[in-house]
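Architecture at a glance
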Amino acid sequence: MKIAILALQGAFIEHENILKKLGVDFLEIRQKKDALEDFDGLIIPGGESTTQGKLLHEFDIFDVLKEKIIKGLPVFGTCAGLILLAKEIENDDRVHFSTMDIIVKRNAYGRQLASFITNDKFNDKLVPMVFIRAPYISKVTKDCEVLAVVDGKIVAARENNQLVCAFHPELTSDYTVHKYFLSIVENYLNSNTK
Ligand code: GLN
């Protein structure tokens, strides 16, 4: 199994460190030739969604990755990565990959609560959650499974091959969410989709 990590901007090293600890092979996507490589899953890190969206086009990576996601490549978007996958951003006219049927709100917690840490359930297991100028999901469609709700707001969800969370599991030493993503990748490899 090999996981690609989008490494244009943001917290990609932290995801790499977790994959190293879990003994999973990975590659960084920095230019088009990386995106054309063969890999079994993709992580889109937190950071700044507008900047990452712009760089994806500048480096001509956008279409290659979008096509792979549409064809079923497992993808895991954290924070800005969640925003990049959403079909609609309620407080922004731009959309990016637009592959996941969710509506998100950017910087949704306002200035006072821009960053906070809490413990809450992800897929019924208590995990630490670090929120940094985080979005939340204001609407999911029936094909999405809600995996975490904090203070009444959806902060993690899955739609088939796509997993997103508004918080940063890569900034903690709890690997639950990464392991969940790797189980999606394993199912994908065991199915005939690839
Ligand atoms: N607020 C950022 C954005 O819109 C996301 C923040 C994050 O990834 N920590 O892109």
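The structure this text deals with has already been given above.
I will try to describe carefully the structure that is included in this document.

Rules behind the numbers
Residues numbered from 1 in each chain as written. Predicted model: local features only at pLDDT ≥ 70, side-chain atom pairs only at ≥ 80, totals over all residues. Heavy atoms only, no water. Helix = DSSP H or I, 4+ residues; strand = E, 2+ residues; numbered from the N terminus. Rg over C-alpha atoms; globule rule 2.2 N^0.38 Å. Buried < 20%, exposed > 50% of the residue type's maximum accessible area, 1.4 Å probe, protein only. Contact = heavy atoms within 4.5 Å. Lys, Arg positive; Asp, Glu negative; His and termini not counted. Charge placed at Lys NZ, Arg CZ, Asp CG, Glu CD. Near = heavy atom within 4 Å. Polar contact = N/O pair within 3.5 Å; in protein donor to acceptor, adjacent residues only side chain to side chain. Areas by Shrake-Rupley, 256 points an atom, 1.4 Å probe, with all protein chains shown as cover. Nonpolar A, V, L, I, M, F, W, Y, C, P; charged D, E, K, R; others polar. Pairing = 2+ DSSP bridges. Arc of directions from axis to C-beta. Core = buried A, V, L, I, M, F, W, Y, C linked by side-chain atoms within 4.5 Å. Disulfide = S-S within 2.5 Å. Phe/Tyr/Trp six-rings, centres within 6.5 Å; stacked < 30°, edge-to-face > 60°.

**Description of the overall build of the chain**
When helices and strands are counted, the chain shows six helices and 12 strands. The C-alpha radius of gyration of the chain comes to 15 Å, within 12% of the 16 Å expected for a compact globule of 194 residues. In terms of overall dimensions, the chain has C-alpha extents of about 40 × 35 × 30 Å along its principal axes. Residues classed as buried in the chain amount to 54% of the 194 residues present. Here the analysis covers contacts within the chain between residues at least 6 apart in sequence; of these, 63% occur between residues at least 24 apart. Charged side chains in the chain number 24 positive and 27 negative. The centres of these two groups are separated by 2 Å.

**Some points on the site of the ligand**
Close contacts around the ligand come from Gly 46, Gly 47, Glu 48, Ser 49, Cys 79, Ala 80, Ile 83, Arg 106, Asn 107, Ile 132, Arg 133 and His 168, and that covers them all. Contact between the ligand and Ala 80: an oxygen atom at 3.1 Å from a main-chain N or O atom of the residue. Ile 132 has a polar backbone atom sitting 3.0 Å from a nitrogen atom of the ligand. Protein contacts shield 95% of the accessible area of the ligand, which totals 300 Å² for the unbound molecule. The residue makeup of the shell around the ligand, split by class, is four nonpolar, five polar and three charged.

**What to know about the pairing of strand β10 (residues 145–150)**
Pairing of β10 with strand β11 (residues 153–159), which is carried by five bridges, proceeds in the antiparallel orientation. Residue pairing for β11: Glu 145 is matched across the bridge by Arg 158. Here β10 folds back onto β11 in antiparallel fashion, the turn holding two residues, of which Asp 151 has a positive phi close to 50°.

**Quick look at helix α3 (residues 49–58)**
Looking at α3, one finds that the buried residues are Ser 49, Gln 52, Gly 53, Leu 55 and Leu 56. Down the axis of α3, the buried side of the element spans an arc of 165°, and every buried residue falls inside it. Facing away from the buried side of α3 by over 90 degrees, the exposed positions are Lys 54 and Glu 58. Along its buried surface, α3 packs onto β1 (2–6), β3 (41–44), α4 (62–70) and α5 (80–85). With a side-chain oxygen positioned 3.2 Å from the backbone nitrogen of Thr 50, the residue opening α3 is Glu 48. The positive-phi residue at the C-terminal boundary of α3 is Asp 60, with phi of around 60°.

**Some details on the nonpolar core**
With 67 residues, the main nonpolar core has Ile 29, Leu 65, Phe 122 and Phe 131 as its most contacted residues. Ranked by residue count, the leading element in this core is helix α6 (residues 176–190), at seven residues. Setting aside chain neighbours within four positions, we find Ile 29 in contact with Ala 4, Ile 5, Leu 6, Ala 7, Leu 8, Asp 34, Ala 35, Phe 39, Leu 42, Ile 61 and Leu 65.

**Notes on the side chain of Ser 49**
Among the structural elements, Ser 49 can be located in helix α3. Apart from residues lying up to four places away in sequence, Ser 49 is in contact with Ala 80, Ile 83, Leu 84, His 96 and Arg 106.

**Notes on the state of the cysteines**
In the structure shown here, the tally under the stated rule is zero disulfides. Of the cysteine sulfurs around Cys 165, a residue in no disulfide, the closest is that of Cys 79, at 8.3 Å.

**Remarks on the packing of aromatic side chains**
If you walk through the whole model with that rule in mind, you get eight aromatic pairs. A ring pair is formed by Tyr 109 and Phe 116, whose centres lie 5.2 Å apart and whose planes are at 70°; its orientation type is edge-to-face. Like Tyr 109, the residue Phe 116 is buried in the burial classification. Arranged with centres 5.4 Å apart and planes meeting at 90°, the rings of Phe 122 and Tyr 180 form a pair that is edge-to-face. In this pair, Phe 122 is assigned in strand β7 (residues 115–122) and Tyr 180 in helix α6, connecting sequence segments 58 residues apart.

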